[in-house]
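# Reading the structure
Residues per chain are reported as follows:
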Amino acid sequence: MRGQTVNNYEQLAKRIVQRAKKKGAKQAEAFLEVGRQSSCRVRDGEIEDLTEAASKGVGLRVITKDNRLGFAYTSDFEPASVDSFVDRALRLAQTAAPNKLNGLPSAKELGKLGETGELYDQAVAGLAGDWKIKAALEMEKAGKAVDARITTFASVGAGDYVSEVYVASSEGVSAGYSGTYVYLFASPVASENGQLQTSSWLDYKRFLGDLDTPESVGQEAARRAVRMLGARRVKSQQVPVIFDPLMTASFVGNLADAADGNSIYKNSSIFVGKLGKRLAPESVTVVDDGLLKRGLGTAPFDGEGVATRRTPLLEKGVLRSYLYDSFTARKAKAKTTGNASRGYSSLPHIGTNNLYLEPGTRPPEELIREVKSGFYVTAMLGRGADAVTGEYSRGANGLWIENGELAYPVQEVTVAGNLLQMMQDVDAIGSDLQFRGSVGAPSVRFKQLTVSGD
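Notes on the structure in this doc start here. (Residues numbered from 1 in each chain as written. Predicted model: local features only at pLDDT ≥ 70, side-chain atom pairs only at ≥ 80, totals over all residues. Heavy atoms only, no water.)

## Section: the side chain of S38
Relative to the elements of secondary structure, S38 occurs in strand β1 (residues 27-43). Given a relative accessible area of 5%, S38 falls into the buried group. A polar side-chain atom of S38 sits 3.1 Å from a polar atom in the side chain of K132. Beyond its immediate chain neighbours, meaning those up to four positions away, S38 contacts T51, E52, K132, A158, G159, D160 and Y183. (Helix = DSSP H or I, 4+ residues; strand = E, 2+ residues; numbered from the N terminus. Buried < 20%, exposed > 50% of the residue type's maximum accessible area, 1.4 Å probe, protein only. Polar contact = N/O pair within 3.5 Å; in protein donor to acceptor, adjacent residues only side chain to side chain. Contact = heavy atoms within 4.5 Å.)

This is the structure:
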C-alpha cells in the first residue's frame, strides 16, 4: 500500500511540473510533503493531552523565460485545485521583478544521490496509540522515584512522526523518500526550602530501537533538576569553562550560522575572507553530513533536489567550506553544498543536515579533573554568538568546579567571550559525542571565558 502511495505522489509532482512547463514556465519544481504525527503529554499520572494530526502539501517554484520567479503552494490535491494553483504560481511570477540569477539547480548541480541507509522504521510507523501514554507515564514515575524533592513535571511527553518527501523538476530530478522520527522529553521541577529548579532531558531518534528508555530519560531529567537545588551566584571572574554536549551543540550551531553562504556574500559574518585559514586547534573538526547513517537530518537530497553530501566546515581547525543552496551559490559564484532547507510552504533557504563536532578521545570526567577552579555549563539562555561581530554572551546555569570536582550548583550568571577567540581557546574535547536532535557534539573545554555574576 505504501509503495502505491509513493508512486501516486511521485506522479503528482511530475504532473505539476509538466503542467507548469506546458503553460509557459521555462523551469518548474514541485516539492511535496505528506506527514502524520501524534503526541501525548501527561501530568501527575493523568493524560494532559493526546493529539494526532495529518498534513500534506505541495509547493511550486516556476521561473519564466524572462527570469521572473513565482511561488505558490496548496494542500488540496484534487486535480482542479492543482491546476488552478499552477496557474497562480505563473501569475505571481509575472508580477515579480526579473533577476538573471533566478533558476533551478542544473542537472550537473543536482548530482548523483548518495546512499543514506534506512530512514524509515516500521516499528515507529506502527506504534500503538497507547505507547506514548505508557512512555510518558513511565518517565514521570521514574523521575519522581529518583528523589522526593521532584514535586511535579512542568512537561513530560512522547511522540512520533512519519513523513514522505518528493521533489520533481524540469531539470531532471524526480525522487522521494520516507522517514520516521520518535521522541521522549521530560522537564521535572525540584523543590527545597522554597527554591524551585527545573531542568529537562530528551531523546529524539529515527528508529525506536535507538531511543533511550522512558525510565532513563525520566531519571536523567530528575537528576539534572535535583543537582541544581541550592544554586547560587558566583563572583565575576575569568576561568576555564566546560560546555556539556547539549551546550556544545548550541555553540556548533553558532559556527554554522557564521558559515552561512548568504551571510558571507553580504559580508556579515566573522568568517568572511577566512576560507583556508586556521581558526582553531587541530582537534576541532566540524562537519555537516546529509548522509550520516540514521541521522535525524539525513536525506538523499536537499530542499531543491540536490544530492546531499558530507561537508567539513572546519577540518583540523582550518575553515574549509561555507554552506550554500543553489541561488546563493550562484550569487557568490560558488557551488551548492546541498544545504537547501524548506517545507512545502516556503522557498528554499540555507540550513544544515546533520551538523556535529567530531569527538575527542578523553572522557568528560578527565576534562573536569584537570580544572582547579572553573564552570561546567549545563543550561543556557539567549541565542549565543552574533555572527557579524562574534560577540558571545548567554545567561548560564551549571556546576562550579573546585579542585577537579563538581562542587556546587550555580545560576543567574552570564558566560561571555568572542566566537573567534573561543574557537582558538578550545583546549580539550570529550569522547562523549551525543545527538539529541540533528546537531551533535561532545563536551568541550575552553581555556578561559568571562563568567559574570556578583
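## Topic: helix α2 (residues 79-95)
The first and last C-alpha atoms of α2 sit 25 Å apart over 17 residues, in line with the 24 Å expected at 1.5 Å per residue. Listing the buried residues of α2 in full gives S81, V82, F85, V86, A89, L90 and A93. (Expected span 1.5 Å × (residues − 1).)

## Some details on the pairing of strand β17 (residues 405-418)
For strand β16 (residues 391-402) and β17, the ladder comprises 11 bridges, and the chain directions are antiparallel. Across the sheet, E402 pairs through a bridge with E405, a residue of β17. Hairpin geometry of β16 and β17 is characterised by an intervening segment of 2 residues between the two adjacent antiparallel strands and by a positive phi of about 50° at N403. (Pairing = 2+ DSSP bridges.)

## Brief notes about the environment of R383
Mapped onto the elements, R383 comes out in the loop between β15 (373-381) and β16. Relative accessible area serves as the criterion here: at 62%, R383 is assigned to the exposed category. Through-space distance from the C-alpha of R383 to that of T285 is 22 Å; in sequence the pair is 98 residues apart. Apart from residues no more than four positions distant in its own chain, R383 is found in contact with N254 and R394.

Keep in mind that these numbers describe shape and distance, not what the molecule does.
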